[in-house]
Amino acid sequence: MLISFLFFLAVFAAIGISSFLKSRGTKKDYYLASQDVPPFLVGLSAVATNNSGYMFIGVIGYTYATGLASVWLMVGWILGDFLGSLWVHKSLCRATRATGESSYAGVLSHWGGAQFKIWQRLAGLLSLLFLLAYASAQLVAGGKALYVLLDLPIWSGAVVGGVIVAAYCLAGGIRASIWTDAAQSVVMIVAMGTLLVVATNSIGGVDAAIRAMGQVDGFLNWYPRDLLLPGVAGGVIFAFSWLFAGLSVIGQPHVMVRFMALDSPDRMMQARLWYYLWFTAFYAMATGVGMLARIMLSDPGSFDAELALPMMAVELLPPVAVGLILAGVFAATMSTADSLVLSCSAALTHDLLPQRIEKTWMLKLATMLIAAAAVIWALLNKQSVFSLVVLSWSSLASAFAPLLMVLALGARPGERLCIAMSIAGLATALLWRWLGWQEYVYEGMPGILAGLLVFGVARWLVREPALRGANA
């Protein structure tokens with residue numbers, strides 16, 4: 001088990017470090033891979049970055065606790081993600097080339113020739129804070145897997161993951177991240193598929209598994225209990241709110257930078273095809289594994305539900321295959337953590353500091369500091385992976401997605417309105433979570449709607465510029 005795990009880690013590290021051979025030593029290459037990434041690498045990299053330790057650890061734990069109703073999270077997430085891609089991906093790729101900026105916030109703040117320096121500083125600060133929290137959650141996920149499979153303390157996984165991520169981020173920047181993501185996405189889907197097939201066969205097949213699930217009270221209900229509204233109405237609201245979780249992808253700098261690095265906006269359809277085929281297959285298998293975990297590990301009060309996948313692997317698989325599962329979990333955590341660390345570094349060096357840093361060695365130093373901060377946060381973290389990821393995800397989406405949506409439609413809001421939209425969206429999402437209402441409706445939904453509402457009201461009251469041109 002340990003040997004196969006170390007083998008896959010060595011392969012990932014070698015792929016990432018080898019990207020140094022293609023490095024051009026510029027800031028644009030470090031953060032955007034000189035915008036020459038082919039569609040299949042963009043698609044596979046975005047899948048690996050999106051389907052992080054959150055999927056292996058968080059979603060499986062959530063499905064274990066919730067049951068069949070968790071399928072609406074999958075359906076809503078993928079559909080919302082797809083709708084968002086039709087809306088903004090190509091526009092963002094074009095704007096990246098037009099502005100010459102190296103960061104997500106930089107592109108938005110200079111869209112259409114604007115120069116919103118105050119908003120860019122605010123966006124840099126928010127990116128740094130929430131992406132760092134997100135990165136720490138990935139390292140915690142890796143630590144949980146090591147704890148179950150190798151009986152190592154949880155902190156060790158955070159440290160090992162942080163060191164590996166820092167190593168190949170330093171070697172090749174975003175190019176190293178994209179190359180390793182592509183390899184990791186293959187390992188991730190093989191690992192999840194292996195566990196799904198073996199677990200189903202061990203129970204006696206699909207029919208036997210469904211019968212066993214039916215014996216768990218409420219496990220095959222289509223909607224969760226204790227919804228905001230009873231019956232179908234509450235279920236529809238629950239499912240619709242998770243569509244906004246998928247739409248929230250457009251507010252995630254670490255995912256969108258992949259599409260910003262595409263070699264041509266005209267090849268976005270190919271990248272999208274790779275992305276959604278891989279994404280749908282992986283998410284469906286993760287949901288299936290989570291449901292099987294409930295009937296194989298039948299006492300929900302005796303352990304952390306987010307340890308369900310590694311515990312199943314230990315029970316069902318031979319040591320070599322367990323090493324593959326562990327490598328899959330680590331691949332998922334690292335593929336997202338490295339992207340988050342680089343996006344944090346871009347936010348610090350390009351958006352937040354008063355003077356932009358252009359020297360590569362200084363960019364790498366910033367990356368090392370960010371990686372160290374993520375490890376420290378992971379060691380101090382007390383929240384679940386699912387909770388911390390959803391908090392970070394919804395906060396970033398609420399702050400950035402409304403603005404990107406109106407920009408992609410051709411609107412040109414002023415800087416004060418941009419700031420108001422971001423603050424209103426973020427404040428709404430955080431207030432929603434503080435009130436505990438995220439149990440009924442995903443907080444990114446009211447957050448995104450609040451940002452769009454501010455834009456609509458401002459246009460009506462002070463006559464902000466009308467929409468002009470569909471895709472700038």
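Basis of the calculations
- Residues numbered from 1 in each chain as written.
- Predicted model: local features only at pLDDT ≥ 70, side-chain atom pairs only at ≥ 80, totals over all residues.
- Heavy atoms only, no water.
- Helix = DSSP H or I, 4+ residues; strand = E, 2+ residues; numbered from the N terminus.
- Buried < 20%, exposed > 50% of the residue type's maximum accessible area, 1.4 Å probe, protein only.
- Contact = heavy atoms within 4.5 Å.
- Axes fitted to C-alpha atoms, helices over the stretch in contact; angles between N-to-C directions.
- Parallel < 35°, antiparallel > 145°, perpendicular 65-115°, else oblique.
- Left-handed = near helix turned anticlockwise from the far one by under 90°.
- Salt bridge = Lys/Arg side-chain N within 4 Å of Asp/Glu carboxyl O.
- pLDDT = per-residue confidence, 0-100.
- Nonpolar A, V, L, I, M, F, W, Y, C, P; charged D, E, K, R; others polar.
- Core = buried A, V, L, I, M, F, W, Y, C linked by side-chain atoms within 4.5 Å.
- Phe/Tyr/Trp six-rings, centres within 6.5 Å; stacked < 30°, edge-to-face > 60°.
- Patch = residues over 30% accessible without salt bridge, like charges linked within 9 Å, V, L, I, M, F, W, Y side chains within 5 Å.
- Areas by Shrake-Rupley, 256 points an atom, 1.4 Å probe, with all protein chains shown as cover.

**Structural notes on the overall build of the protein chain**
In step 1: In terms of regular secondary structure, the protein chain is built from 19 helices and zero strands.
In step 2: Each of the 472 residues in the protein chain was classed as buried or not, and the buried ones make up 61%.
In step 3: For the protein chain, the share of sequence-separated contacts (at least 6 apart) that also reach a separation of at least 24 residues comes to 84%.

**Focus: unusual backbone geometry**
In step 1: Located in the positive-phi region is Ala33, a residue other than glycine, with phi close to 50 degrees.
In step 2: Among the structural elements, Ala33 can be located in the loop between α2 (27-32) and α3 (39-50).
In step 3: Residue class for Ala33 comes out buried when judged on its relative accessible area of 0%.
In step 4: Within the chain, Ser34 stands out as a residue other than glycine whose phi angle is a positive 55 degrees.
In step 5: Mapped onto the elements of the fold, Ser34 is located in the loop between α2 and α3.

**Here's the deal with the packing of helix α13 (residues 268-296) against helix α14 (residues 308-316)**
In step 1: At a minimum axis separation of 10 Å, α13 and α14 run at an interaxial angle of 65 degrees. Relative to α14, the element α13 lies roughly perpendicular. In terms of crossing hand, the pair formed by α13 and α14 is left-handed. Within the contact between the two elements, α13 uses Val289, Leu292, Ala293 and Met296 and α14 uses Ala308, Leu309, Met312 and Leu316.

**Notes on the pattern of salt bridges**
In step 1: According to the stated counting rule, one finds five salt bridges in the structure shown.
In step 2: Glu443 serves as the salt-bridge partner of Arg433, at 2.7 Å between the closest nitrogen and oxygen. One end of the pair, Arg433, is in helix α18 (residues 415-434); the other, Glu443, is in the loop between α18 and α19 (444-462), and 10 residues separate them in sequence. The pair Arg433 / Glu443 is uniform in exposure class, with both members buried.
In step 3: If you follow the salt bridges from partner to partner, you end up with Asp29, Asp36 and Arg175 in one network.

**Quick notes on the confidence of the model for the protein chain**
Should pLDDT be low for a region, the predicted coordinates there are not to be read in detail.
In step 1: Confidence along the protein chain averages 83 in pLDDT terms, with 89% of residues attaining 70 or more.
In step 2: Taken together, the stretch residues 466-472 has pLDDT below 50 and engages in 20 contacts with residues farther than four places along the chain or on a different chain.

**Some words on the packing of helix α5 (residues 71-99) against α13**
In step 1: Between α5 and α13, whose axes approach to 11 Å, the crossing angle comes to 165 degrees. Taken together, α5 and α13 sit at an angle that is classed as roughly antiparallel. Judged by the sense of rotation from one axis to the other, the crossing of α5 with α13 is right-handed. For the pair α5 and α13, contact is made by Leu73, Met74, Trp77, Ile78, Asp81, Phe82, Ser85, Leu86, His89, Lys90 and Cys93 and by Met268, Arg272, Tyr275, Tyr276, Phe279, Thr280, Tyr283, Ala284 and Thr287, respectively.
In step 2: Looking at the contact of α5 with α13 residue by residue, the classes come out as 13 nonpolar, four polar and three charged.

**Quick word on the environment of Leu247**
In step 1: Mapped onto the secondary structure, Leu247 falls in helix α11 (residues 231-247).
In step 2: Overall, Leu247 belongs to the buried group, its relative accessible area being 8%.
In step 3: Distance from Leu247 to Gly444, taken between C-alpha atoms, is 9.1 Å for residues 197 residues apart in sequence.
In step 4: When neighbours within four sequence positions are excluded, Leu247 is seen to be in contact with Gly80, Asp81, Gly84 and Met405.

**Examining the nonpolar core**
In step 1: Counting 154 residues, the largest nonpolar core has Trp77, Leu92, Leu108 and Trp119 as the members making the most contacts within it.
In step 2: In contact with Leu92, not counting residues within four places along its chain, are Tyr104, Val107, Leu108, Trp111, Met256, Met260 and Leu404.

**Some words on the packing of aromatic side chains**
In step 1: On inspection of all chains with the given rule, the structure shows 15 aromatic pairs.
In step 2: The interplanar angle of 25 degrees and the centroid separation of 5.9 Å between the aromatic rings of Phe279 and Tyr283 together place this pair among those described as stacked. Here the residue Phe279 and the residue Tyr283 both occupy positions in helix α13, the gap between them amounting to four residues, near one helical turn.
In step 3: Three or more aromatic residues joined by ring pairs form one cluster here, namely Phe82, Phe259, Tyr275, Tyr276, Phe279 and Tyr283.

**Looking at helix α12 (residues 253-260)**
In step 1: Burial analysis of α12 places eight of its eight residues in the buried class, which makes it a mostly covered element.
In step 2: Among the residues of α12, Pro253, His254, Val255, Met256, Val257, Arg258, Phe259 and Met260 are the ones counted as buried.

**Some words on the environment of Lys359**
In step 1: Mapped onto the fold, Lys359 is located in the loop between α15 (319-352) and α16 (360-380).
In step 2: Given the relative accessible area of 53%, Lys359 is considered exposed.
In step 3: For the pair Lys359 and Thr26, spaced 333 residues apart in sequence, the C-alpha to C-alpha distance is 7.7 Å.

**Re a nonpolar patch on the surface**
In step 1: Together, Trp155, Val159, Val163, Ile376, Leu379 and Leu380 make up a nonpolar patch on the protein surface, roughly 600 Å² of accessible area in all.
In step 2: Breaking the nonpolar patch down by element, the ones donating at least two residues are α8 (154-172) and α16.
In step 3: Examined against the element boundaries, Ile376 turns out to sit in helix α16.

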